[in-house]
Amino acid sequence: MIDTEIKKLGQAVREAVRTAKIKQKPQLLSITEPLAAIDPFSFFDNAEKFTGGRIFWNNSAEGHWLAGAGEALALTAADHRFEETERQWKEMLENALIHNPHRVPGTGPIAFGGFSFDPDKETTPLWADFNSSLLRVPAYLLTMVNGDCFLTCNVVIYEYDQPEQIELQVENHKKQLLKQQAILPEGPVITDKQEIEPDSWKQLVRNATNTIKQGKAEKIVLAREMKVFFKNKVNVSPILRQLADMQTNSYIFAFENGEDCFLGATPERLVKVENQQLLSTCLAGTAPRGRTEAEDRKIGGQLLSDEKNRQEHHFVVEMIKKAVAACCENVQVPEAPVLYPLKNLQHLYTPVEAVLNENYTIIDIVKRLHPTPALGGMPSEKSVAFIREHENMDRGWYGAPIGWLDANHNGEFAVAIRSALIRGGEASLFAGCGVVRDSDPEAEYQETNIKFTPMLSVLGGRS
């Protein structure tokens, strides 16, 4: 079996070298093979020393896992970032040599990454390692779908490369990545916590409500930051495992770049496309879980009937429905939301389903949906302008699209909330809430405290 795999790899590498010589430019070679079951957290941890950073994705509801090591290529853009990302992706695929008979979503060459919330907001040193738009084609990708495992190797081949050296390098990397670990490293220990100017933030909520009462906006979503400090440099792998264990109805994600890692457990899907079938999620309106079953039902009933939360949810539903209809057929939206329970929180939930027209891609939908009213406000331009001018923090990738797309027009993006940016021995946590005409600053502040809970609980602290 090993000889067969090496022979297959060797033939593909030699073909890629010949093509690189003929075309006089490097070639992306992508080879996908089935794999025996492996722990994705172990794979991620083994990839720590690989140049180019790591990626992680888990859609637990559908049994879909991705873990990536290193970087074969990167797609990045500043101006017209969605269109330029799409152009670079298509150009890359046109020139790639892809060996993937499986065609399982998330196998073969994928681009994984995200976008900043507001490219017009001045970037601070906090997000120095995260561009306005950055998607990575990992050098090695583990894909798990309902228990079936695949490994994709993506290698950029140059005309002067020696096939035998490439083969040896790939095989050595595979052995390193697929080595099973019995125990992951210890999780972090928080030594201190610091809220960033909570009183100023409450005043910002008052300013936003005044702006809304003046008719300049209907809703403005405000976010705030909490800093936590650790005893030692943070190891990300055990955090991801805890998030997957505790936040079972969420997307677990991580994007590592340089020395920093942005990760989280978001319940909010932005859009999924598989075989042209599109699914988007309206998730707005928040309440805590009850301590007993009876209390939980009572809180859920109050959330379903709460005018402020229903109004906030309606904004999101209408915006997503309109954005999806511009690119799709057969758009279907339920008449009323239902409850979406998480470990610490519950939300109002409405799915939007449609068939994506062949002339459009998932990036087209991402462009139309971001920012949703759940993270920006309504109307979008006015609310985002207020945030840009008055919010005293750099959101970076918080509240923005993060996800993946593959070579077969499949992909999935979530909204990067319930998240943290880890930088060595400290982290910045982010949480936000939707401000409307009658919002109470103290109540909104407490809501953000609740939303800090998922990340604090896995970082070694309590809310």
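This is a predicted model, so every value here is computed, not measured.

### Regarding the pattern of salt bridges
This structure, assessed with the given rule, holds 26 salt bridges. In this structure, the salt-bridge partner of Arg87 is Glu84, at a minimum N-O distance of 2.7 Å. Highlighted residues: Arg87 and Glu84, both in helix α3 (residues 81–94), separated by three residues, approximately one helical turn. Residue Glu84 is classed as partly exposed on the basis of its relative accessible area, which comes to 23%. Lys272 is paired through a salt bridge with Glu274; the nearest N and O atoms lie 3.6 Å apart. With relative accessibility at 30%, the residue Glu274 sits in the partly exposed group.

### Topic: the UniProt feature "active site" (unreviewed entry) in the protein
As recorded in UniProt, the feature "active site" (unreviewed entry) lies at Lys219 and Glu268. Of the annotated positions mentioned, Glu268 line the largest cavity. Looking at Lys219, the relative accessible area reads 0%, which means it is buried. A polar contact of 2.8 Å, which involves the side chain of Lys219, links it to the backbone oxygen of Pro373. Counting through the fold element by element, Glu268 comes out in the loop between β13 (260–266) and β14 (269–274). Those residues within four positions of Glu268 in sequence are excluded, and the remaining contacts are Tyr251, Leu283, Thr372, Ala374, Leu375, Ala414, Val415 and Ile417.

### Some thoughts on the UniProt feature "binding site: Mg(2+)" (unreviewed entry) in the protein
In the UniProt entry, the feature "binding site: Mg(2+)" (unreviewed entry) is given for Glu312 and Glu447. In summary, the annotated positions, though distributed over 136 residues, converge in three dimensions, the widest C-alpha pair being only 14.4 Å. Of the annotated set, the members that line the largest cavity are Glu312. Assignment of secondary structure puts Glu312 in helix α8 (residues 307–325). For Glu312, a relative accessible area of 5% puts it in the buried group. Those residues in contact with Glu312 that sit more than four places away from it in its chain are Lys219, Ala284, Gly285 and Gly434. Along the polypeptide, Glu447 turns up in helix α11 (residues 441–458). With sequence-adjacent residues up to four places away left out, Glu447 is seen in contact with Thr286, Lys308, Gly432 and Cys433.

What counts and how
- Within each chain, residue numbers correspond to sequence positions counted from 1 in written order.
- Totals for whole chains, interfaces and linings use every residue, but because this is a predicted model, local features are given only for residues with pLDDT of at least 70 and side-chain atom pairs only at 80 or more, for both listing and counting.
- The side-chain figures draw on all heavy atoms in the structure; neither hydrogens nor water molecules are used.
- Here, a salt bridge means any side-chain nitrogen of Lys or Arg that lies within 4 Å of a carboxyl oxygen of Asp or Glu.
- Segments assigned H or I by DSSP are reported as helices when at least four residues long, segments assigned E as strands when at least two residues long, and all are numbered from the N terminus.
- Here's how the labels work: a residue is buried when its accessible area is under 20% of the maximum for its type, exposed when over 50%, partly exposed in between, all with a 1.4 Å probe on protein chains only.
- UniProt positions are given in the numbering used here, feature names are shortened, and annotations may be inferred rather than shown by experiment.
- Both site types are read off a 1 Å grid over the protein atoms alone. A 1.4 Å probe that fits but cannot get out defines a cavity, while an open set with protein on both sides within 12 Å along at least five of seven lines defines a pocket; lining residues have an atom within 4 Å of a point.
- The definition of a polar contact used here is a pair of N or O atoms within 3.5 Å, where within protein one atom must be able to donate a hydrogen and the other to accept one, and adjacent residues in sequence count solely through side-chain atom pairs.
- Working rule for contacts: check all heavy atoms of both residues, and any pair within 4.5 Å makes them a contact.

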